[in-house]
Amino acid sequence: MGNGSLVVEVNNALNWFGGEFVVQLTIMSAIFLPCKKRRLWGLRYILSLAIIWLVGLLRVPAPWLYILYFALNGGMVIFVYNFKFLQSLFISICMYCVQHIASCLSYGIIFSVISICKDFRLYDYYFIIMPVVCALTMAAAYFTVVRYINKMGDFQINYRVVLFIACAFLLVAALLTHYIRQMVFWQSAALVSLMAMAVLFALLVLVILFMNIKAVTLSQENIILTQLLNKDKQHYEQTRLSNEKIQIKYHDMKKLQRGGIINYSELSDVDGDKEILFSTYFTGNSALDVVLSEKALMCERLGIRFICTADGKAIDFMKPHHIYSFMVNALENSIESVRKRDDNREVEVVIVRKENMCIIKTVNYTDSETLDMCEGVPRTTKKNSEEHGFGVKSMRNVVNFYGGNIKFFVENHKFTMIAVMPIPEGEAKEKK
């Protein structure tokens, strides 16, 4: 390896800070600083680094050094960042993976060069390659891992998966990779193959971790959406029964009036329900009638103009509670958007059949010229976004259930939702 002076000097310098591994892991941890932190995080971070540096001076032998620093790094994450225990463990694994990838890539590159040139003196260039690889790995990790974590906010993860991954990664990265690397260190081709597999393993760990977060998030969302749909189903039944009672009472009173019999106490009750009766829709679909009547009455009381063109037969193929859930969410979003406005207080809904397709459209005015979309639906503008935004996701689920598509867009300050669903073949033939 040449005269080895560069290797010796750099190693001596790194040993002042606990060695190459400790320095790399400490530097890599800095890319997570944009994540949410606790109060006095700067002081906490400096204290954590000081403890890590002091422990590094103890010269703990590998591979126990890797396990010890994984624990120290986890403690630093809990101490500095505002994460729960499992989230902190997740961040610690990510930090370790990033360091492991950078280290293995650096060794893989230098030993590939040595293997090609057949000259071990080129190992001196490792300390030139390594900082460059670390910088590039940090940049890649920031734009993928760190930014994704920040975007997720208060993410959830399956504790069994994260604990299993932590143990598996420590076993492979800290024990197997260390011992096998020592065995094949002077065999360039074998070492390059080992480093390549180690990099792929670390990348696989990151992929599994983030896939698990996605799976847990979707599972929780599905539970919430199912609960909301069941709640809408119950609300639909209650509203339908209330409307039927009012209409029966009104019909009976009219018959008595025509017969010359007037019960003034009951008549006064009916008069109190006139506002409801005047807002009642008869589209040919009872579920649609219920929700349109309910929202038309709401618009009447709020002073919002409600424009409706609806063919109830066009959505007969949908389950009543699906109709109710979809239309309630669509109309409530539109009403909420215009209720605080001084002008353009108007909500339009159109439900028509075109050939073998059912088309549902709602339109309302908005000050925005563009939409902030997230996973195909508009991002909620309410605070605590983790607790909101399920309405449009529920609408999308209903449309997907019937094999349709839903689209949201803004044009000329008009926010428009269009859902297109195919009418089942049997239903379509009956309507012809």
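What counts and how
- Residues take numbers from 1 onward in each chain, read along the sequence in its written order.
- In view of the model being predicted, local features appear only for residues whose pLDDT reaches at least 70, and side-chain atom pairs are presented and counted only at 80 or more, with totals across whole chains, interfaces and linings using the full set of residues.
- For the side-chain quantities, the full set of heavy atoms in the structure was used; hydrogens and water were omitted.
- Pairing between strands is defined by DSSP: at least two bridges between them are needed.
- For helices the rule is a DSSP run of H or I covering at least 4 residues; for strands it is a run of E covering at least 2, with both sets numbered from the N terminus onward.
- An axis is simply a line fitted to the C-alpha atoms; with a helix, the fit covers only the stretch in contact. Between two such axes, the angle follows the N-to-C directions and lies from 0 to 180 degrees.
- Contacts are assigned to residue pairs with any non-hydrogen atoms lying within 4.5 Å of each other.
- For every residue, the accessible area (1.4 Å probe, protein chains only) is compared with the maximum for its type, and the residue is labelled buried under 20%, exposed over 50%, or partly exposed between those bounds.
- Grouping buried Ala, Val, Leu, Ile, Met, Phe, Trp, Tyr and Cys residues that are joined through side-chain atoms within 4.5 Å yields what is termed a nonpolar core.
- Multiplying one less than the number of residues by 1.5 Å gives the expected span of a helix.
- Here a polar contact means two N or O atoms within 3.5 Å. Within protein one must be a hydrogen donor candidate and the other an acceptor candidate, and residues neighboring in sequence count only if both atoms are side-chain atoms.
- A 1.4 Å probe that fits into a set of points on a 1 Å grid over the protein atoms alone but cannot get out defines a cavity; an open set with protein on both sides within 12 Å along at least five of seven lines defines a pocket, and lining residues are those with an atom within 4 Å of a point.
- Grid points are joined across faces, edges and corners, and a volume is the space filled by probe spheres set on the points.
- Classification of ring pairs rests on two measures: the distance between centres of Phe, Tyr or Trp rings, Trp counted by its six-membered ring, which must be within 6.5 Å, and the angle between planes, read as stacked under 30 degrees, edge-to-face over 60 and tilted in between.
- Placement of a positive charge over a ring is assigned whenever Lys NZ or Arg CZ falls within 6 Å of the ring centre and within 35 degrees of the normal to the ring plane.
- The rule for a salt bridge is simple: a side-chain nitrogen of Lys or Arg has to be within 4 Å of a carboxyl oxygen of Asp or Glu.
- It is the directions from the helix axis to the C-beta atoms whose arc is reported.

## A closer look at the sheet that holds strand β7 (residues 414–422)
In step 1: Spatial ordering of the open sheet is given by β1-β2-β3-β7-β6, a layout of five strands whose pairing is mixed. The strands lining the two open edges of the sheet, one partner per strand, are β1 (305–310) and β6 (405–411). Ignoring which end each strand starts from, the neighbouring axes of this sheet average 10° apart.
In step 2: With six bridges joining them, β1 and strand β2 (residues 346–354) adopt parallel strand pairing. Directly across from A310, in β2, lies its bridge partner I351.
In step 3: Together, β1 and β2 form the strand contacts of helix α11 (residues 286–302), whose direction differs from that of β1 by roughly 160°.
In step 4: Packing of helix α12 (residues 320–338) onto the sheet brings it into contact with β1, β2, β3 (357–365), β6 and β7, and relative to β3 it is tilted by some 20°.

## Remarks on the environment of V347
In step 1: Turning to its location among the elements, V347 is positioned in strand β2.
In step 2: With relative accessibility at 0%, the residue V347 sits in the buried group.
In step 3: Placed 39 residues apart in sequence, V347 and C308 show a C-alpha to C-alpha distance of 8.4 Å.
In step 4: Not counting residues within four places of it along the chain, the set of residues in contact with V347 comprises I304, R305, F306, I307, L331, S334, I335, V338 and V363.

## A word on the nonpolar core
In step 1: Counting residues in hydrophobic clusters, the biggest one holds 70 residues, and the most contacted among them are F32, Y81, F90, I93, I149 and L209.
In step 2: In terms of residue count, helix α5 (residues 85–117) provides more of this core than any other element does, 16 residues in total.
In step 3: Here L209 is in contact with F90, I93, C94, I157, V162 and I165, once residues within four sequence places are set aside.
In step 4: If you look at the next biggest cluster of nonpolar residues, it comprises 42 residues, including I335, I351, V398 and F415.

## Let's talk about α11
In step 1: In this model, α11 (17 residues) spans 24 Å end to end at C-alpha, consistent with the 24 Å of a helix rising 1.5 Å per residue.
In step 2: Of all 17 residues in α11, twelve are buried, a share of seventy percent or more.
In step 3: Burial in α11 covers these residues: A287, L288, D289, V290, V291, L292, S293, E294, K295, A296, L297 and C299.
In step 4: Of the residues flanking the start of α11, the one acting as N-cap is N285, its side-chain oxygen 3.1 Å from the backbone nitrogen of A287.

## Here we look at empty space enclosed by the protein
In step 1: Counted by the stated rule, this structure contains one cavity of 30 Å³ or more.
In step 2: Of the voids in this model, the largest cavity is the one considered here, and its volume is about 30 Å³.
In step 3: Taken together, V22, L25, T26, S29, L49, I52, Y69, N73 and M76 form the lining of the largest cavity.
In step 4: At the level of elements, α2 (20–29), α3 (41–56) and α4 (64–80) are the ones that each hand at least two residues to the lining of the largest cavity.
In step 5: By residue number, the principal contributor to the lining of the largest cavity is α2, which donates four residues.

## Here's the deal with the packing of aromatic side chains
In step 1: Within this structure, the stated rule accounts for 15 aromatic pairs.
In step 2: Relative to F210, the ring of F90 lies with its centre 5.2 Å away and its plane at 80°, an arrangement referred to as edge-to-face. On the criterion of sequence distance, the pair formed by F90 in helix α5 and F210 in helix α8 (residues 188–258) is long-range, its members being 120 residues apart. Take F90 and F210: they sit in the same class, and that class is buried.
In step 3: Look at Y142 and F143: their rings are 5.2 Å apart centre to centre, the planes differ by 80°, and that puts the pair in the edge-to-face class.
In step 4: Judged by its relative accessible area of 31%, Y142 falls in the partly exposed class.
In step 5: Of note, K37 hangs over the ring of W41, and the distance from its end group to the ring centre comes to 4.9 Å.
In step 6: Note that R44 overlies the ring of F79, its terminal NZ or CZ placed 4.9 Å from the centroid.

## A word on the pattern of salt bridges
In step 1: Counting across every chain of the model gives six salt bridges.
In step 2: Between R305 and E346 there is a salt bridge whose closest N-O contact spans 3.0 Å. Of this pair, R305 sits in strand β1 while E346 is found in strand β2, placing the two residues 41 residues apart along the sequence.
In step 3: With relative accessibility at 31%, the residue E346 sits in the partly exposed group.
In step 4: One salt bridge in this structure joins D367 and R341, with 3.0 Å as the shortest N-O distance. With D367 in the loop between β3 and β4 (373–374) and R341 in the loop between α12 and β2, this residue pair connects regions lying 26 residues apart in the sequence.
In step 5: Residue R341 is classed as buried on the basis of its relative accessible area of 15%.
In step 6: Through salt bridges with shared partners, a single ionic network connects E294, K295 and E332.

## Remarks on α3
Two residues of an α-helix separated by three or four positions point the same way, owing to the 3.6 residues in each turn.
In step 1: The terminal C-alpha atoms of α3, which comprises 16 residues, lie 22 Å apart, in line with the 22 Å expected from a rise of 1.5 Å per residue.
In step 2: All buried positions along α3 are accounted for by Y45, S48, I52, V55 and G56. Seen end-on, α3 carries its buried residues on one side only, within an arc spanning 105°. Of the exposed residues in α3, the ones pointing more than 90 degrees away from its buried face are L43 and I46.
In step 3: Next to the buried residues of α3 lie α2 and α4.

## Re unusual backbone geometry
In step 1: With a phi angle near 55°, K118 is a residue other than glycine that sits in the positive phi range.
In step 2: Here K118 shows up in the loop between α5 and α6 (126–152).
In step 3: On the basis of relative accessibility, which here comes to 71%, the residue K118 falls in the exposed class.
In step 4: In the Ramachandran plot, H413 falls in the positive-phi region, its phi being about 60° despite a non-glycine side chain.
In step 5: You can see H413 is positioned in the loop between β6 and β7.
In step 6: Residue classification places H413 among the partly exposed positions, given a relative accessible area of 25%.

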